[in-house]
Amino acid sequence: MKYRRCLFFFVFLLFSNKLKAAQFSDAESLFKDLFQNYSTEIRPNQNLSEPTDVHILALLFSVNDFNEVSGVISIVGGFLLKWHDFRLTWTPNSYGGIESFPISKKKIWVPNMFLINPANKMEAVGSEDFVVRMFYSGTMAWVPGGLFKTMCDVNMYTFPFDTQKCSFSVALWGFETSEARLVPEVNTSTMETTYYSPNAQWELERTIMKYSDIGNAIVELQIILKRRALYFIINMLAPILLLSVLNPLVFVLPVDSGERVSYSITIFLSFAVFMSLISENMPKSSEPMSILSYFLVLTMAMSTLICILTIVTLRLHFKDSSTKVSTKVRFLLRVLQLKCLCKPCRKVKKDARIRDVMNVDNTFAPSNKEQFEEPQDDVTWKQVAEAFDETFMYYFFFIVLVQWVILGIMIKS
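Quick notes on the rules
Residues numbered from 1 in each chain as written. Predicted model: local features only at pLDDT ≥ 70, side-chain atom pairs only at ≥ 80, totals over all residues. Heavy atoms only, no water. Helix = DSSP H or I, 4+ residues; strand = E, 2+ residues; numbered from the N terminus. Expected span 1.5 Å × (residues − 1). Bend = angle between axes of the 7 residues up to and from the residue. Buried < 20%, exposed > 50% of the residue type's maximum accessible area, 1.4 Å probe, protein only. Contact = heavy atoms within 4.5 Å. Salt bridge = Lys/Arg side-chain N within 4 Å of Asp/Glu carboxyl O. Core = buried A, V, L, I, M, F, W, Y, C linked by side-chain atoms within 4.5 Å. Disulfide = S-S within 2.5 Å. Phe/Tyr/Trp six-rings, centres within 6.5 Å; stacked < 30°, edge-to-face > 60°. Lys NZ or Arg CZ within 6 Å of the ring centre and 35° of its normal. Pairing = 2+ DSSP bridges. Axes fitted to C-alpha atoms, helices over the stretch in contact; angles between N-to-C directions.

Side note on helix 3 (residues 230–246)
Counted at 1.5 Å a residue, the expected span for helix 3 with its 17 residues is 24 Å, and the 23 Å between its end C-alpha atoms agrees. Its axis deflected by about 35° at L237, helix 3 carries its strongest bend there, up to four residues before the proline P239. Within helix 3, the full set of buried residues consists of F232, M236, L237, I240, L243 and S244.

And the structure:
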């Protein structure tokens, strides 16, 4: 008995819904009654001294393209616009239960919204293909969409670990703020990204929706994108790091191989190739330039210095062995090897040992003094060149290490 009552109640609901189902004549009658004296040129306010509030919610579907060189970003998105039109209200029970229906934007008053910072020409947002949904309470909901392009100020200082902020500004064109204004949805300060499709090159960090500083007349939509740097790390930073390590090894290469100069020049040209690759991904502006560009310029300068020093050491190596090594070259080598810093310490230690020897028996003094006489060995140019090679190698390895540490610190900061 209980199940029969439930079944009867269910059938009754179905039957009652069928009785209330809207007919074509209901929609035709509703359309005729609503638009009998309707004008699309007049704002939908009973008191025209009050502004028409158009509530806006921005929708982001995907980042289509971001050209850093030209500074143009294009996105696929849309806008949910809602406003109230007191002339388009009705009682659903009087028209077969119709609570809402779509209608062409040509039939009703629609806010004229423009993207005011486009990359090409200014056009109204939304075409006639996007219909408006009317509700019996007088609420109008319109969701236009499309491909939007705008100019973006690109900051490549920390490339390829950079974060870019691009802004899309929209406004109701032709209306004063006392006539119509854009109002963000309640408790909404971001764009809607529920249906966002990720980009392969850029990661969406966050979005911001706010009023501009011009009297609540413009709504500014900001998109913060972070570059996915793995591609550039593998294809650009890793080869540059390996080349930087290979650069000082030219001083280890045997002189007799005859490949020192060609080796150093090859490394220099490799850096020049990577410099051109980076410049292709940079906008043609001087400020701010990428820190990686400065790094490569310094690395190329170091590579140039290595080429020069390689030629100098080769000349020293093949210099006539019968010629005596000049004191200036010896002094320069001692300075580079930092031996001049240790000379005072060695002198104090040597004097102390001589004083200790002088206190022993005089019969042994002459032989002991001879131990502390400065050796007068002859140094050849070949030995000097090999000493310079070893010293230069350590110096440039230290410079490479310092360069990469500074680069990492500046990128993180």
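A short note on the environment of L316
Among the secondary structure elements, L316 is positioned in helix 5 (residues 291–317). On the basis of relative accessible area, L316 is assigned to the buried category, the value being 15%. Considering only alpha carbons, one finds L316 and E386, 70 residues apart in sequence, at a separation of 9.2 Å. Setting aside chain neighbours within four positions, we find L316 in contact with W381, K382, A385 and F388.

What to know about the pattern of salt bridges
With the rule as written, the count across this model stands at 7 salt bridges. With its nearest N and O atoms 2.5 Å apart, the salt bridge here joins R181 to D53. With a gap of 128 residues between them, R181 in strand 9 (residues 180–184) and D53 in strand 1 (residues 52–67) connect regions that are remote in the sequence. The exposure class assigned to D53 is partly exposed, which follows from its relative accessible area of 28%. Two residues, R260 and D389, come together in a salt bridge whose shortest N-O distance is 3.0 Å. In this pair, R260 sits in helix 4 (residues 260–280) while D389 sits in helix 9 (residues 381–412), placing the two residues 129 residues apart along the sequence. Neither residue differs from the other here; R260 and D389 are each classed as buried. A network of salt bridges, in which partner residues are shared, links E68, D162 and R227.

A closer look at the nonpolar core
A general feature of soluble globular proteins is that nonpolar side chains tend to end up buried together. Core analysis: the biggest nonpolar cluster contains 86 residues, and I73, F79, W83, I108, M113, M134 and I240 have the highest contact counts within it. Top contributing element to this core by residue count: helix 9, with 12 residues. For M113, the residues in contact, after removing those within four places along its chain, are I56, F79, L81, A124, V125, V170, A171, L172 and L182.

Some details on the state of the cysteines
Enumeration over the complete set of coordinates arrives at 1 disulfide. The disulfide partner of C152 is C166, and the S-S distance across this bridge is 2.1 Å. Taking the torsion about the S-S bond as the criterion, the C152 to C166 disulfide, at about -85°, is left-handed. Of this pair, C152 sits in the loop between strand 7 (145–151) and strand 8 (163–172) while C166 is found in strand 8, placing the two residues 14 residues apart along the sequence. Just as C152 is buried, C166 falls in that class too.

Structural notes on the packing of aromatic side chains
Applying the stated criterion across every chain, the model contains 14 aromatic pairs. Taken together, a centroid distance of 5.6 Å and an interplanar angle of 50° make the contact between F251 and F392 tilted. Pair noted here: F251 is in the loop between helix 3 and helix 4 and F392 is in helix 9, with a separation of 141 residues, a long-range link. Its relative accessible area of 11% is what places F392 among the buried residues. For K319, the ring lying beneath its charged end belongs to W381, and the centroid distance is 4.2 Å.

A closer look at the sheet that holds strand 11 (residues 218–227)
An order of 4-8-11-10 is seen for the 4 strands of this open sheet, with the pairing classed as antiparallel. For this open sheet the edge positions go to strand 4 (113–115) and strand 10 (202–211), each flanked by a neighbour on one side alone. Along the sheet, successive strands turn relative to each other by an average axial angle of 20°, direction set aside. Pairing of strand 4 with strand 8, which is carried by 3 bridges, proceeds in the antiparallel orientation. Across the sheet, L115 pairs through a bridge with V170, a residue of strand 8.

As far as function goes, none of this settles anything; it's purely spatial.
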